[in-house]
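# Fold and contact review
Now for the letters of each chain:
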Amino acid sequence: MALKVKTAETKVVLVNLLICIIVFYTVYYVVLSVCFAVFRIKMLDGLAPFDFKTNPSWINPYYLVLVISLEITFFICGLLFALVVEEWVWDYAVTVTIIHIIITSVVMSEFPLMLHWWLALGTGVISMICGGQILAYCLFKDNFIYPILDDF
């Protein structure tokens, strides 16, 4: 039994993934810029989305900017992904997050092992998936794909 994959479907998935990645990093840098302005931090570091080496401290404004911008970005992107991919938000959210982890590892030249970074990332992914899936359900509930469970 051979696996049959239509080229058109693969192309749509890859285009949607590219759109989601562009949306993710655009939103990330916009939110970072706003947070840097709100917290009055003078220098916006271009590598800030990939910084997992900053020591966690609630009195360090740079760390707060990194955490807050990560969480806001993930939540907003979940809502925007719902508009792009409709009911498949969870799939694209996980894929974009894995790509972000890979890019972070390459940019920082090491794999992130900081527990605080993984907790923030995990919380962000959960909010991205939940917010995006709820919005997708509300917007597209007439077209939502429900699995057929008669065979189970």
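Heads up: the structure comes first, above all this text.
The following paragraphs examine the structure supplied in this document. (Residues numbered from 1 in each chain as written. Predicted model: local features only at pLDDT ≥ 70, side-chain atom pairs only at ≥ 80, totals over all residues. Heavy atoms only, no water.)

Scanning the model with the defined rule gives one salt bridge in all. Its salt-bridge partner being Glu110, residue Lys53 comes within 2.9 Å of it at the nearest N-O pair. Separated by 57 residues along the polypeptide, Lys53 in the loop between helix H1 (7-38) and helix H2 (61-85) and Glu110 in the loop between helix H3 (89-108) and helix H4 (115-140) bring together distant segments of the chain. On the accessibility criterion, Lys53 (38% relative accessible area) is partly exposed. (Salt bridge = Lys/Arg side-chain N within 4 Å of Asp/Glu carboxyl O. Helix = DSSP H or I, 4+ residues; strand = E, 2+ residues; numbered from the N terminus. Buried < 20%, exposed > 50% of the residue type's maximum accessible area, 1.4 Å probe, protein only.)

Relative to the helices and strands, Ser69 is located in helix H2. Spatially, the C-alpha atom of Ser69 lies 6.9 Å from that of Tyr28, the residues being 41 residues apart in sequence. In contact with Ser69, not counting residues within four places along its chain, are Tyr28, Val31, Leu32 and Cys35. Of the polar contacts made by the side chain of Ser69, one reaches the backbone oxygen of Leu66; its length is 3.1 Å. (Contact = heavy atoms within 4.5 Å. Polar contact = N/O pair within 3.5 Å; in protein donor to acceptor, adjacent residues only side chain to side chain.)

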